[in-house]
Amino acid sequence: MNPLPFELGPIRPVDEAESLLIRTTRGCPWNRCEFCVNYKDMKFSMRPLEEIKHDIAAAAQYYGDRTFETCFLQDGDSFLMKTAELVELLTFLKQAFPGLKRISSYGRAQTMIRKSDREMQAICQAGLNKLYCGMESGSDKVLKKVNKGVTAADISTSGRRAKDAGMSISEFIILGLGGQELWEEHARETAGVLNEINPHFIRVLTIGIKPGSGLLRQMETGKYTLQTEKNIIEEQRLLIENLNGITSHYANHHAVDLLMEVRGRFPGDKPHMLNIIDRYLSLPEEDRIHFTLGKRLGIYQRLDEMNSAHLRKQVAAQLLKIRASYPDRMDEVFHYLRARIV
Ligand code: SF4
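Since this is a predicted model, take the numbers as computed values, not measurements.

J.: Explanation requested: the layout of surface pockets in the structure shown.
T.: Unfilled space is identified by rolling a water-sized probe across the atoms. A volume near 1000 Å³ is recorded for the largest pocket. Together, 42 residues line the largest pocket, and Phe35, Asn38, Tyr106, Glu136 and Leu205 are the ones closest to its centre. Counting residues per element, the ones that place at least two in the lining of the largest pocket are helix 3 (109-112), strand 6 (128-136), helix 6 (152-164), strand 7 (168-175) and strand 8 (201-206). Here the element with the most residues in the lining of the largest pocket is strand 6; it accounts for five residues. Its residues assigned to classes, the lining of the largest pocket shows 22 nonpolar, 12 polar and eight charged.

J.: Hey, could you run me through helix 6 in this one?
T.: Working note: α-helix, 3.6 residues per turn, so residues spaced by three or four point in the same direction. Look at helix 6: 18 Å from first C-alpha to last across 13 residues, which is about the 18 Å you get at 1.5 Å a residue. Buried within helix 6 are the following residues: Ala152, Ile155, Ser156, Ser158, Gly159 and Ala162. At its buried positions, helix 6 is contacted by helix 3, helix 4 (117-125), strand 6, helix 5 (140-145), strand 7 and helix 7 (179-197).

J.: Would you mind going over the state of the cysteines with me for this structure?
T.: Tallied over the full model, the rule gives zero disulfides. Cysteine Cys71 remains unbridged, with the sulfur of Cys124 as its closest cysteine sulfur at 15 Å. Of the cysteine sulfurs around Cys133, a residue in no disulfide, the closest is that of Cys124, at 13 Å. Judged by its relative accessible area of 4%, Cys133 falls in the buried class.

J.: Help me understand the site of the ligand in this model?
T.: Taken together, Cys28, Asn31, Arg32, Cys33, Phe35, Cys36, Tyr39, Arg108 and Lys148 make up the full set of residues adjacent to the ligand. Here the ligand is seated within the largest pocket.

J.: So what exactly am I meant to see when it comes to the packing of aromatic side chains here?
T.: Each aromatic ring pair is characterised by the separation of its centres together with the angle its planes make. Following the criterion strictly, the structure yields 12 aromatic pairs and no others. With 6.2 Å between their ring centres and 75 degrees between their planes, Phe6 and Tyr62 make a pair best called edge-to-face. Taken together, the positions of Phe6 in the segment before strand 1 (20-23) and Tyr62 in helix 1 (residues 49-63) put the pair 56 residues apart, joining distant regions of the chain. Between the aromatic rings of Tyr62 and Tyr63, the centroid separation amounts to 5.0 Å while the plane-to-plane angle is 80 degrees, which identifies the pairing as edge-to-face. Chaining the aromatic ring pairs together yields one cluster made of Phe6, Tyr62, Tyr63, Phe68 and Phe97.

J.: So what exactly am I meant to see when it comes to the environment of Leu238 here?
T.: Along the polypeptide, Leu238 turns up in helix 9 (residues 229-241). On a C-alpha basis, the gap between Leu238 and Thr292 in space is 20 Å, while along the polypeptide they are 54 residues apart. Aside from chain neighbours lying at most four places away, what touches Leu238 is Trp183, Glu184, Ala187 and Arg188.

J.: Is there a simple way to think about the environment of Cys36 in this case?
T.: Tracing the backbone shows Cys36 in the loop between strand 2 (25-26) and strand 3 (45-46). The exposure class assigned to Cys36 is buried, which follows from its relative accessible area of 18%. Separated by 29 residues in sequence, Cys36 and Glu7 have C-alpha atoms that sit 23 Å apart.

J.: Got a minute to help me understand the environment of Leu90 in this structure?
T.: Considering the arrangement of structural elements, one finds Leu90 in helix 2 (residues 83-96). Residues Leu90 and Gly127, 37 residues apart in the sequence, show an inter-C-alpha distance of 6.1 Å. Setting aside residues no more than four positions away along its own chain, Leu90 makes contact with Leu73, Ile103, Ile123, Ala126 and Leu128.

Rules and cut-offs
- Residues numbered from 1 in each chain as written.
- Predicted model: local features only at pLDDT ≥ 70, side-chain atom pairs only at ≥ 80, totals over all residues.
- Heavy atoms only, no water.
- 1 Å grid on protein atoms, 1.4 Å probe; cavity = no way out; pocket = protein on both sides within 12 Å on 5 of 7 lines; lining within 4 Å.
- Points joined across faces, edges and corners; volume = space filled by probe spheres on them.
- Helix = DSSP H or I, 4+ residues; strand = E, 2+ residues; numbered from the N terminus.
- Nonpolar A, V, L, I, M, F, W, Y, C, P; charged D, E, K, R; others polar.
- Expected span 1.5 Å × (residues − 1).
- Buried < 20%, exposed > 50% of the residue type's maximum accessible area, 1.4 Å probe, protein only.
- Contact = heavy atoms within 4.5 Å.
- Disulfide = S-S within 2.5 Å.
- Near = heavy atom within 4 Å.
- Sits in = over half its atoms within 2 Å of the grid points.
- Phe/Tyr/Trp six-rings, centres within 6.5 Å; stacked < 30°, edge-to-face > 60°.

Dropping the structure here:
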């Protein structure tokens with residue numbers, strides 16, 4: 001139950017933990033992506049402008065002297081609002097919370113593509129200056145397979161338009177989304193679109209198949225085959241290798257990612273990121289399984305932690321137990337553990 005005197009949506013990006021949350025829409029207007037169950041049980045609706053303003057005023061009164069520098073607009077698609085209304089809302093929000101330096105929202109390419117350059121500039125000037133874009137893939141085949149409802153061309157155009165308007169862009173990529181069937185084009189074509197956009201941030205997440213998702217049904221009917229942990233890291237290597245001519249900051253930044261230390265700024269840190277990946281890929285198989293389990297259990301956070309005798313012992317004990325119950329099924333175990341944290 002929400003104890004606050006204003007509405008809250010169920011989801012916010014990891015980076016918005018300290019932000020003021022203001023809900024502009026409920027749920028997702030598309031709600032059909034095969035990997036996503038975030039808003040499955042929620043009917044989409046737009047909130048009337050006056051209702052959102054009422055919430056902003058209630059939040060200002062509730063928080064009193066507390067100063068917020070960042071605000072995130074929930075839920076799935078603030079850009080569905082008419083531009084004039086969104087601008088009015090942002091102006092009102094900044095008046096109510098004058099300390100705000102950053103206002104952010106999810107930026108769905110399907111909706112942003114319908115706004116003109118001028119509209120995007122007006123929205124940015126009114127204060128919406130950061131977008132989290134669920135690009136997921138730059139491959140049309142993968143986007144179609146997961147029913148994303150958008151093309152790679154639209155993702156590229158909308159991302160560049162938002163950036164040209166002055167917004168800071170984070171593009172989110174799902175490693176493993178193409179499965180064994182499409183992993184190579186997923187990596188290569190995603191890199192191609194990212195090279196076109198040159199977003200400020202690239203954030204990768206690793207696939208976890210959730211109960212009730214369309215991708216689980218595809219898996220059960222043999223249309224989608226999960227990659228192993230090693231294959232997903234090989235895919236990431238191909239992605240990074242093909243990212244060229246950009247200045248983006250790149251990061252594995254979610255607990256579901258295996259190699260959290262693969263992060264840095266292009267182009268300077270590219271060799272370093274590839275080196276970390278190569279270090280994992282060149283581990284003897286037994287060590288690779290050991291590290292992967294340690295990370296999936298939350299015992300290890302980084303490859304270097306394998307040097308700790310204390311942590312090594314803990315992981316080895318768990319590995320022994322799991323192998324006794326699930327001999328030769330470590331990839332299934334890894335996927336089960338991964339799916340629990342996405
Ligand atoms: S991934 Fe985004 S666009 Fe797709 S259903 Fe989920 S919230 Fe909606």
